[in-house]
Amino acid sequence: MSLKQRMVASEIHFGRFDKYYASSREVKLCPPQIHLACVKTNFKQTVTKACSQNCVERCLHHLQRCLFYSSWEKFSNFKNKGKRGWILCPNKSSMSSLTRLAPLEAVLFDVDGTLCDSDPLHYYALREMLQQIGFNGGAPITEEYFIETFSGKHSDDTALIVFPGDLERGLKFVEDKEDMFRRVAADQLNPLKGLDKVRKWVENHGLKRAAVTNAPRANAELMISKLGLLDFFDAVIIGDECEHAKPHPDPYLKALEVLKASKDHAFVFEDSVSGIKAGVAAGMPVIGLATRNPEHLLMEAKPAFLIKDYEDPKLWAALEELDKAGAR
């Protein structure tokens, strides 16, 4: 399909307003076209208003959450044509990338943030430990700083952020922080919404499955146990036990080797940039979970698409299409 065919004229008038969103009622899918209207809404009515290019970008970002398709081509081809704008259609291959996996053999899961929303517990433990050593002048780090700087990082990276140039001291700090995390997690860990539903889907399809994580083995085994998944996983792969941890593909490649599964018939669930990059580098489609990390950062790692949790309709629509492909 040519670029011209994938572009559709949309009535976009230029001006400035404070808040916009793309109403699902204003979006109609007529493959291969999508007609987009930018709207400003109050409780009484929905009307099309003037907007700017930035507004269109916001609309596209919002549509990633709302539509069946969630991987968008770059906005660089937007052209100001006076009172009209050109908007690229969504890339359907993001969802159909799962259908090429049929017959599916295996599903691979990250642990932290993917099986459970553990980041708040990691944030609490790290914040307390960093204050004890006077990091950041003794001021508590913010959750935003935690997400940008520490979330999804390998232990060595965390160690060197806290103690630059002193890996040994940094790793001792990380070990103590993980001890604190395990104490907190033992009482406060909960599964991600819809996890039981996807677990049953995997089991009912007789698929191989592995947990693949950069977390220490003690953390991974505690979380898997607390979530009641000890008998679910066929293997637990730890980044530190591979030649390279995520974002390198080694942990996912090792999981495929242990499961005796092909990358051409497997996909990954991940919630971090480094994890998504690892799965993509291993040659598999990755379904990104927007648990805590900013969606725009996750999208830069090139997941097949993003979901909010395991009850997200986008996930089940994709799995239904995968089932249909496998039945052909």
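In the block above lies the structure referred to throughout.
Fair warning: this is a prediction, and the values are worked out from it, not measured in the lab.

S.K.: I keep staring at the pairing of strand S12 (residues 286-289) and nothing clicks. Help me out?
M.R.: The side-chain alternation of S12 yields two buried faces, one formed by Val-286 and Gly-288 and the other by Ile-287 and Leu-289. Pairing between strand S11 (residues 266-270) and S12: three bridges, direction parallel. Of the residues in S12, the one forming a bridge with Glu-270 is Gly-288. Read as a crossover between parallel neighbours, the route from S11 over helix H10 (residues 273-281) to S12 is right-handed. Pairing analysis gives three bridges linking S12 to strand S13 (residues 305-307), with the strands arranged parallel. The residue bridging Ile-287 from the neighbouring strand is Phe-305, located in S13. In this fold, S12 hands off to helix H11 (residues 295-300), which returns the chain to S13; that crossover is right-handed.

S.K.: Explanation requested: the environment of Asn-293 in the structure shown.
M.R.: Within the element layout of this structure, Asn-293 appears in the loop between S12 and H11. Judged by relative accessible area, which is 8%, Asn-293 ranks as buried. Considered as a pair, Asn-293 and Gly-152 are 141 residues apart in the sequence and their alpha carbons are 9.5 Å apart. Dropping the residues within four chain positions of it, Asn-293 is found in contact with Ile-147, Ser-151, Asp-271, Ser-272 and Leu-298. A polar contact of 3.5 Å, which involves the side chain of Asn-293, links it to the side chain of Ser-151.

S.K.: When you look at the sheet that holds S13 in this model, what are you seeing that I'm missing?
M.R.: Strand pairing in a sheet relies on backbone hydrogen bonds, with the paired strands running either antiparallel or parallel. Taking strand neighbours across the sheet as the criterion, the six strands line up as S10-S9-S8-S11-S12-S13 in an open arrangement whose pairing is parallel. Strands at the two margins of the open sheet, each flanked by one partner only, are strand S10 (235-238) and S13. Strand-to-strand twist in this sheet, taken as the mean axis angle between neighbours without regard to direction, amounts to 25°. Where helix H9 (residues 250-259) meets the sheet, it contacts strand S8 (106-109), strand S9 (208-213), S10 and S11, and its direction lies at approximately 150° from that of S9. In this fold helix H12 (residues 313-327) packs onto S11, S12 and S13, with an angle of close to 125° to the strand it touches most, S13.

S.K.: Just to check I follow, could you spell out the pattern of salt bridges for this structure?
M.R.: Side-chain pairs of opposite charge can arise whenever the charged atoms involved come near each other. Under the criterion given, the structure shown has 18 salt bridges. We note a salt bridge from Glu-311 to Lys-193, for which the minimum N-O separation is 3.8 Å. Here the residue Glu-311 occupies a position in the loop between S13 and H12, and Lys-193 occupies one in the loop between helix H6 (167-188) and helix H7 (195-204), the gap between them amounting to 118 residues. Of the charged contacts in the structure, one is a salt bridge between Asp-312 and Lys-314, with a shortest N-O distance of 3.4 Å. Each member of the pair, Asp-312 together with Lys-314, is buried. Through salt bridges that share partners, Asp-196, Arg-199, Lys-200 and Glu-203 make up one connected network.

S.K.: Would you mind going over the packing of helix H5 (residues 155-162) against H6 with me for this structure?
M.R.: Direction vectors running N to C along H5 and H6 enclose 110°, while the axes themselves pass 8 Å from each other. What the angle tells us is that H5 and H6 run roughly perpendicular. H5 and H6 meet at a crossing whose hand is right-handed. Listed contacts from H6 to Ser-155, Asp-156, Thr-158, Ala-159, Leu-160 and Val-162 of H5 are Leu-167, Gly-170, Leu-171, Phe-173 and Val-174. In terms of residue class, the contact of H5 with H6 is built from seven nonpolar, three polar and one charged.

The rules behind these values
- Per-chain numbering applies: the sequence of each chain, read as written, is numbered from 1 onward.
- Under the rules for a predicted model, residues below a pLDDT of 70 receive no local features and side-chain atom pairs below 80 are neither given nor counted, while totals for whole chains, interfaces and linings still include all residues.
- Values reported for side chains reflect all heavy atoms of the structure, with hydrogen atoms and water molecules removed beforehand.
- Buried means the residue's accessible area, taken with a 1.4 Å probe over protein chains only, is under 20% of the maximum for its type, while exposed means over 50%, and partly exposed covers the values in between.
- Runs of E in the DSSP output that reach at least two residues are strands. Runs of H or I that reach at least four are helices, and both are numbered from the N terminus.
- Paired strands, in this sense, are two strands between which DSSP finds at least two bridges.
- With the strands aimed away from the viewer, a crossover counts as right-handed if its path from the first strand over the helix to the second runs clockwise.
- Residues count as neighbours in contact if any of their non-hydrogen atoms are within 4.5 Å of one another.
- We define a polar contact as two N or O atoms separated by no more than 3.5 Å, with the added condition that, inside protein, one atom must be a possible hydrogen donor and the other a possible acceptor, whereas residues neighbouring each other in sequence contribute only through side-chain atom pairs.
- Axis angles are defined between N-to-C directions and span 0 to 180 degrees, where every axis is a line fitted to C-alpha atoms and, for a helix, only to the segment in contact.
- Should a side-chain nitrogen of Lys or Arg be within 4 Å of a carboxyl oxygen of Asp or Glu, the pair is scored as a salt bridge.
- Orientation labels follow simple angle bins: below 35 degrees gives roughly parallel, above 145 gives roughly antiparallel, 65 to 115 gives roughly perpendicular, and whatever is left gives oblique.
- Crossing chirality is assigned from the near helix's rotation relative to the far helix, an anticlockwise turn below a right angle marking it left-handed and a clockwise turn marking it right-handed.
- Each residue gets one of three labels, nonpolar for Ala, Val, Leu, Ile, Met, Phe, Trp, Tyr, Cys and Pro, charged for Asp, Glu, Lys and Arg, and polar for the others, Gly among them.

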